[in-house]
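# Structural characterization, general
Residue strings, one per chain:
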Amino acid sequence: MSFDLVLFGGTGDLAWRKIMPALFQAFRHGSLPAGGRIVGVARDGLTDTQYRELIKARFDQVELAKRPSDDEFSRFAAMLEYLRMDLSQPADYTALADKLKQRNADTVVMYLATAPGLFTTVCDQIAAAGLNGPQTRVVLEKPLGHDLASNRAINETVRRVLKEEQVFRIDHYLGKQSVQNLLALRFGNALFEPLWRRELIANIQITISEKLGIEKRGAFYDNTGALRDMVQNHALQLLCAVAMEPPIDAGADAIRDEKLKVLRSLKRWTPQTLGQHVVRGQYASGNADGEMVPGYASEKGVRPGSTTETFVALRTEIANWRWAGVPFYIRTGKRLAGQDAHIEVNFRPAAHAIYPSSLGGSNAPNRLVINLQPRDGLELHLMAQGADSRGARSAPLHTLAPVQLDLDFDKRFGSERVGAYERLLLDVIAGRLNLFVRSDEQEEAWRWVEPILDMWSADPTGPRPYAAGTWGPSAASAMIARDGYCWSEEC
Ligand code: BG6
């Protein structure tokens, strides 16, 4: 099958950091279909050779194991071409159409790795140039809009010129192996599904914590913030994967229908829950890994006095039969103490404790941890007899200590596995929509976060400061402690 992949934003940050390295990995793994061409599109006046050289230079910054040898790069580079385009100029789309006609590939992927403000223009122009035929697939990067209204406006334009099955809205968390494994754990095994409900599960916590600050993305981030950057998309998609009902099959719409039901069942906000169950923070300077780092307000591109949040913690519930009353906590932030993404399923304590903790043992409830990064794996925390709480082997009879079953997918399957972007790009080329977000899901997620945005914009107090290198504002711990629970690193 031949394909043309047109990469709008072909000299941008996302192209260098994620898309080109992922395409190269797919090429190296032999999974990129033969007969493909990648056309980088940007405003710079570059020849094909100059574009290839730029990409080669950028690969020097990729981690060593993922860097091409000279020979590999020259074979990969044979697929690369460049087209200079001003995306506001209709004539430039005619030039693109001419270029695509030369090959008439079976599939044309238009990857919009551009500022989201350009999405509607590009989609309209693609259509005006007759490039929206059935062989075309359009990939839209997040953030898709700034709020519900702008998201809808983009989706309406897109719908006017493309069918839903031609639109691939990327949320790269859905491409992570660990998310595939979460679905496999739930729907490919009989063991956990009967336990996956309010009667046995006390609470579920989703943490995506980053050690890094906002890097060079100050201007973008200052207009975005953690709620739009991470919660509206990545965190809610994880919540859907953990909470959805079993789909009738593994088809794209069967899965997306179930995710949509979860989003629709999220408890609506009230003034009271908004006040008590949402914490926003912003990092101040602090010690990150032994190095003093500046606070958010001093980062390049950030407006003076900015109230943009770099941390969010929230508590919600899913109002349906399976989950009624079970708190779901979401927490994400920049410049936190750990680089860590995981989902923690905390089970209820054993119904009746026959092993008294007064003798030195403990009675911790069971816990299933789905690790997304840096390790990709599963941990099942159980209680066992064999040592006292200090690890001494002469444990008194009837005392228990926590032990853990640990499945490290990197060790089990090798760490050279398919990366999120690589998987998603191959899926677009193959036309598989399972791991992409449908417009109704996305709109529902915006509808749910919007009251939080409205509350913040009306609140002059701004975010709570937290020192870089910590776990965020103490209000996040107080919020979960009110329910009698704690975040994993505090328990
Ligand atoms: C992106 C966000 O979508 O995800 C970034 O815009 C964030 O701010 C990144 O750093 C995190 O992705 P990952 O795969 O590194 O956890």
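Attention in this report is confined to the structure presented alongside it. This structure is a prediction, so every number in the text was calculated from the model and none was measured. (Residues numbered from 1 in each chain as written. Predicted model: local features only at pLDDT ≥ 70, side-chain atom pairs only at ≥ 80, totals over all residues. Heavy atoms only, no water.)

### Points about the overall build of the protein
Where we set the bar: Labels follow the DSSP assignment, with helices taken as runs of H or I lasting at least four residues and strands as runs of E lasting at least two, numbered in each case from the N terminus. In this description the radius of gyration comes from C-alpha coordinates, and the expected globular size is given by 2.2 Å times residues to the power 0.38. Here's how the labels work: a residue is buried when its accessible area is under 20% of the maximum for its type, exposed when over 50%, partly exposed in between, all with a 1.4 Å probe on protein chains only. Whether two residues are in contact is decided by their heavy atoms: any pair within 4.5 Å suffices. Shrake-Rupley sampling with a 1.4 Å probe provides the accessible areas, and residues are treated as covered by the protein chains on show and by no other component.
Along the backbone of the protein there are 15 helices and 17 strands. A compact globule built from 491 residues would reach a C-alpha radius of gyration of about 23 Å, and the protein, at 24 Å, matches this within 12%. Its C-alpha atoms put the protein at 80 × 50 × 50 Å along the principal axes. For the protein, with 491 residues in total, the buried portion stands at 53%. Sequence-distant contacts, at least 24 apart, represent 78% of the contacts inside the protein between residues at least 6 apart. Carbon and sulfur atoms make up 53% of the accessible area of the protein, which totals about 21,500 Å².

### Focus on the sheet that holds strand β14 (residues 367-373)
The line we're drawing: If DSSP finds at least two bridges between two strands, the strands pair. For every element, the axis is a line fit to its C-alpha atoms; helices are fit only across the contacting stretch, and the angle between N-to-C directions ranges from 0 to 180 degrees.
Taking strand neighbours across the sheet as the criterion, the nine strands line up as β16-β15-β14-β13-β7-β12-β11-β8-β17 in an open arrangement whose pairing is mixed. What marks the edges here is a single partner per strand, and that holds for β16 (401-408) and β17 (464-467). Each neighbouring strand pair of the sheet contributes to a mean axis angle of 20°, computed without reference to strand direction. Where strand β8 (residues 278-284) lies against β17, four bridges are found, and the strand directions are parallel. Bridging from a neighbouring strand, Tyr 283 pairs with Tyr 466 of β17. Strands β13 (340-347), β14 and β15 (377-384) of the sheet are contacted by helix α7 (residues 177-187), whose axis makes an angle of about 150° with β14. Contacts between helix α15 (residues 474-481) and the sheet are confined to β7 (201-209), β8, β11 (311-316), β12 (328-333) and β17, with β11 contributing the most and set at about 10° to the helix.

### Let's talk about the pattern of salt bridges
Selection criterion: By definition here, a salt bridge exists when the distance from a side-chain nitrogen of Lys or Arg to a carboxyl oxygen of Asp or Glu is within 4 Å.
Using the criterion set out here, one finds 40 salt bridges in the structure. With its nearest N and O atoms 3.6 Å apart, the salt bridge here joins Asp 253 to Arg 256. Taken together, the positions of Asp 253 and Arg 256, both in helix α10 (residues 252-265) and three residues apart, correspond to about one turn of that helix. In this structure Asp 253 comes out as partly exposed when scored by relative accessible area, which is 42%. Through salt bridges with shared partners, one network takes in Asp 4, Arg 37, Glu 81, Lys 99 and Arg 103.

### Quick look at the site of the ligand
Where we set the bar: We call a residue near a molecule or strand whenever a single non-hydrogen atom of that residue lies within 4 Å of it. Within 3.5 Å is the distance limit for a polar contact, defined as a pair of N or O atoms, with the added protein rule that one can donate a hydrogen and the other accept it, and that residues adjacent in sequence qualify only through two side-chain atoms. Here the nonpolar group is Ala, Val, Leu, Ile, Met, Phe, Trp, Tyr, Cys and Pro; Asp, Glu, Lys and Arg are the charged ones; every other residue, Gly included, is treated as polar.
As a matter of local geometry, the ligand sits amid Lys 142, His 172, Tyr 173, Lys 176, Glu 210, Arg 217, Asp 229, Met 230, His 234, Lys 334 and Gln 373. For the ligand, an oxygen atom lies 2.6 Å from a polar atom in the side chain of Asp 229. Separating an oxygen atom of the ligand from a side-chain N or O atom of Gln 373 is a distance of 2.5 Å. When the ligand sits alone it has 400 Å² of accessible area, and the protein chains cover 81% of it. Considering every element that reaches the shell around the ligand, the biggest residue donor is helix α9 (residues 225-243), with three residues. In terms of residue class, the shell around the ligand is made up of two nonpolar, three polar and six charged.

### Overview of α10
Rules: One fewer than the residue count of a helix, multiplied by 1.5 Å, yields its expected span.
Compared with an ideal rise of 1.5 Å per residue, which puts 14 residues at 20 Å, α10 spans 20 Å between its outermost C-alpha atoms and is within 8% of the ideal. Most of α10 sits out of view: ten of its 14 residues are buried. Ala 252, Ala 254, Ile 255, Arg 256, Glu 258, Lys 259, Leu 260, Val 262, Leu 263 and Ser 265 are the residues of α10 that are buried. Contact partners of the buried residues in α10: α9 and α14 (439-457).

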